[in-house]
Amino acid sequence: MKVGVPKEIKAHEYRVGLTPGAAREYVAAGHHVMIETNAGGGIGATDDDYRNAGATILTSAAEVFASGEMIIKVKEPQPSEWCQLRENQILFTYLHLAPDPDQANGLPKSGCTAIAYETVTDARGGLPLLAPMSEVAGRLAIEAAGSALKRSAGGRGLLIGGVPGVQPARIVVIGGGVVGTHAARMAVGLGAEVTIIDRSILRLRELDELFAGRVRTRFSTIDPVEEEVFAADVVIGAVLVPGASAPKLVRRSMLSSMRKRGVLVDVAIDQGGCFETSHPTTHADPTYEVDGIIHYCVANMPGAVPLTSSQALNNATLPFGLALANKGFSAVLENPHLCAGLNVHRGRLTYRAVAESLGLPFSPIDQAAA
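Trainee: Would you mind showing me how to read the overall build of the protein chain here?
Mentor: Looking only at helices and strands, one finds 15 helices and 15 strands in the protein chain. Taken against the 2.2 N^0.38 rule, which gives 21 Å for 370 residues, the C-alpha radius of gyration of the protein chain at 21 Å falls within 12% of a compact globule. Based on the C-alpha atoms only, the size of the protein chain along its principal axes is roughly 60 × 45 × 35 Å. For the protein chain, the residues scored as buried account for 54% of the 370 residues in total. Contacts in the protein chain between residues far apart in sequence, at least 24 positions, make up 62% of those at least 6 positions apart. A total of about 15,100 Å² of accessible surface is found on the protein chain, and carbon and sulfur atoms cover 51% of it. Taken together, the 33 basic and 37 acidic charged side chains of the protein chain have centroids lying 3 Å from each other.

Here you go:
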C-alpha cells in the first residue's frame, strides 16, 4: 500500500505521523512510504533519515494526499487537508469530531474512510492509541499549572510543592483515568496536596491502592465537586467520554467561589472541554482569565514535547497501522478494535457518540459498508 505522511499544519504542532523507525517497519512489510519534505523537522528527523529508512520524500502535502492510499497523521485534518481526501482513501489520525461540526461535515463529503486513534479499543476495553498521549498530557498538565500559578503569569504566586513550613498547592483532579492518574502522579511527586474525583467506586479503590494513601479520593457528585473546586489552587479537567463531547463539570457560576487567581487546566479541551468557560488555546498564547481564574486550554498539549510524544504514539499505532496497510478496509471488518475506531465511511458518520453529540445521522458499520 502507498502510505502518505504530510507535515502537520495545526498551530504549534510538531509531532509527526510516522517516525523514521516506524516508516522503516512499513517499508520492511512491503509498503511504499511517502513523507512530505521536513515533516519530521519538529522531532529532529531529517529527510535523509526517512530516505535511509526506505521512504520517498515528496515536495508538498498535495503530492502526499494525491498519491497516498492511506494517510497517517497526528492531529485532525484542517479544512485545507480534508478537501484533499478522496473516496476509498483511508485516514488514520486523531479526529475528535464531537466538538468540531465543520470537520464532521467535511470529512464525509470527501468520501474517505476515517479511523480515529481516540476510539480504537483493545481487548481490555481500553483506548490504546489515546493512552500514550493521555499519559503525556496528564504529566504536562501539572507543569502547565505550575507555570500558570506564577505571579508573573497572572497566578497566585504559589509553588506547587511549597517548602518546609509552607503549605503546598492544593490540586484537584476531576477524572481518574489515564490523564488523571498521570497528573496526580506528577503532582504527588512535587509534594502537592492532591484529590482525585471520579464516578467509579472501583476506580477510586484502585487509585487508593496505587497511591497508598498519598491522595484523597472522592466520589463524583455535585457537593464534592463544588467543595473541592472551591478549595483548590489548581483544578485539572481530565474527564473522558470516548468519542463524545466532555460534560461541563465546572460552571461559570462556580468561578466566583474559587480561590482568586487559581488555575484551571482543561485536558479535555480536544473533546470540547469539561469547564463551561473553556475554549481552545495554543502553545503561543496558552492562557486567559475569566472571573479572576486562569484557564489553560491548549488543544494539543503533547505537541510541546514532540519527540517523546511521536515516539510514544508510533509505538502504539504501529500494529494497527500495519494491519490497515496490509489488508486495507478488510482489516476494519476483521478486527473489532479497529472497527471501534471507524468514525466516517462512504459519506456517513459511523460512530454513535459523535453523531449524537452533533445531532447528525448515525450509520452502523454494516449499513455504511453495504
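So much for the structure itself; the text now carries on.
Trainee: I'm lost on the packing of helix α1 (residues 20-28) against helix α11 (residues 306-327) in this one. Help?
Mentor: Two quantities define a packed helix pair, namely the angle between the axes and the distance from one axis to the other. Following both chains from N to C, one finds α1 and α11 inclined at 25°, their axes separated by 11 Å at the closest point. It follows from the interaxial angle that α1 and α11 lie roughly parallel. Note on packing geometry: the crossing formed by α1 with α11 is right-handed. Facing A22, E25 and Y26 of α1, the residues of α11 in contact are N314, L318, G321, L322 and A325. Within the contact of α1 with α11, the residues separate by chemical class into five nonpolar, two polar and one charged.

Trainee: Whenever I open this one, the pattern of salt bridges confuses me. Can you help?
Mentor: A side chain with one charge can pair with a side chain of the opposite charge if their charged atoms come near. Inspection of every chain in the model, using the stated rule, returns 21 salt bridges. For E206, the salt bridge goes to R203, with nearest N and O atoms at 3.0 Å. On the criterion of helical spacing, the pair formed by E206 and R203 is a turn pair, its members being three residues apart in helix α8 (residues 201-211). Given the relative accessible area of 37%, E206 is considered partly exposed. On the accessibility criterion, R203 (24% relative accessible area) is partly exposed.

Trainee: Whenever I open this one, the side chain of S134 confuses me. Can you help?
Mentor: Along the chain, S134 turns up in helix α6 (residues 131-149). By relative accessible area, S134 is classed as buried at 10%. In this structure S134 touches V178 and V179, once residues within four positions along its chain are discounted.

Trainee: How should I be thinking about the packing of aromatic side chains in this particular structure?
Mentor: One pair of aromatic rings is described through two measures. These are the centre distance and the angle between the planes. Applying the stated criterion to the full structure yields two aromatic pairs. An angle of 85° between the planes, with centres 4.7 Å apart, marks the rings of F92 and Y117 as edge-to-face. Taken together, the positions of F92 in strand β5 (residues 90-93) and Y117 in the loop between β6 (113-116) and α6 put the pair 25 residues apart, joining distant regions of the chain. Of the two residues examined, F92 and Y117, each falls in the buried class. Note on Y94 and Y117: the rings are 4.8 Å apart at their centroids and 85° apart in plane angle, and the pair reads as edge-to-face. Placement of Y94 in the loop between β5 and α5 (101-110) and of Y117 in the loop between β6 and α6 is noted, with a sequence separation of 23 residues between them. Neither residue differs from the other here; Y94 and Y117 are each classed as buried. Taken together through their ring pairs, the aromatic side chains of F92, Y94 and Y117 make up a single cluster.

Trainee: Is there a simple way to think about the environment of A61 in this case?
Mentor: Along the chain, A61 falls in helix α3 (residues 61-67). For the pair A61 and E36, spaced 25 residues apart in the sequence, the C-alpha separation amounts to 5.9 Å. Aside from chain neighbours lying at most four places away, what touches A61 is P6, E36 and Q84.

Trainee: How do you make sense of the sheet that holds strand β8 (residues 193-198) when you look at a structure like this?
Mentor: For sheets, the rule is that strands pair by backbone hydrogen bonds, running either parallel or antiparallel. A sheet is described by the order of its strands in space; here seven strands give the open sequence β9-β8-β7-β10-β11-β13-β12, paired in mixed fashion. What marks the edges here is a single partner per strand, and that holds for β9 (216-219) and β12 (287-290). Neighbour-to-neighbour, the strand axes of this sheet turn through a mean angle of 20°, independent of strand direction. Summarising the sheet, strand β10 (residues 234-237) and strand β11 (residues 263-266) pair through four bridges and their orientation is parallel. Within β11, the residue paired with I236 across the bridge is V265.

Trainee: Would you mind going over the nonpolar core with me for this structure?
Mentor: Buried together is how nonpolar side chains tend to be arranged in soluble globular proteins. By size, the foremost hydrophobic cluster in this structure holds 74 residues, and its most contacted members are Y26, I72, I115, I171, V194 and I236. At ten residues, α6 tops the list of elements feeding residues into this core. Not counting residues up to four positions away in its chain, the partners in contact with I115 are I90, L91, F92, T93, L95, V120, L324, V332, L338, G341 and L342. Among the nonpolar cores identified, the runner-up in size contains 23 residues, and I174, I197, L264 and C297 belong to it.

Trainee: What should I look at first to understand the pairing of β6 in this one?
Mentor: Neither face of β6 is left uncovered, since the one carrying T113 and I115 and the one carrying A114 and A116 both have all their residues buried. Summarising the sheet, β5 and β6 pair through four bridges and their orientation is parallel. If you follow L91 over to β6, its bridge partner there is A114. Handedness of the crossover joining β5 and β6 through α5: right-handed. Taken together, the two bridges between β6 and strand β14 (residues 342-345) define a ladder with antiparallel strand orientation. The residue bridging I115 from the neighbouring strand is L342, located in β14.

Cut-offs used in this document
Residues numbered from 1 in each chain as written. Predicted model: local features only at pLDDT ≥ 70, side-chain atom pairs only at ≥ 80, totals over all residues. Heavy atoms only, no water. Helix = DSSP H or I, 4+ residues; strand = E, 2+ residues; numbered from the N terminus. Rg over C-alpha atoms; globule rule 2.2 N^0.38 Å. Buried < 20%, exposed > 50% of the residue type's maximum accessible area, 1.4 Å probe, protein only. Contact = heavy atoms within 4.5 Å. Areas by Shrake-Rupley, 256 points an atom, 1.4 Å probe, with all protein chains shown as cover. Lys, Arg positive; Asp, Glu negative; His and termini not counted. Charge placed at Lys NZ, Arg CZ, Asp CG, Glu CD. Axes fitted to C-alpha atoms, helices over the stretch in contact; angles between N-to-C directions. Parallel < 35°, antiparallel > 145°, perpendicular 65-115°, else oblique. Left-handed = near helix turned anticlockwise from the far one by under 90°. Nonpolar A, V, L, I, M, F, W, Y, C, P; charged D, E, K, R; others polar. Salt bridge = Lys/Arg side-chain N within 4 Å of Asp/Glu carboxyl O. Phe/Tyr/Trp six-rings, centres within 6.5 Å; stacked < 30°, edge-to-face > 60°. Pairing = 2+ DSSP bridges. Core = buried A, V, L, I, M, F, W, Y, C linked by side-chain atoms within 4.5 Å. Right-handed = clockwise from strand over helix to strand, strands pointing away.

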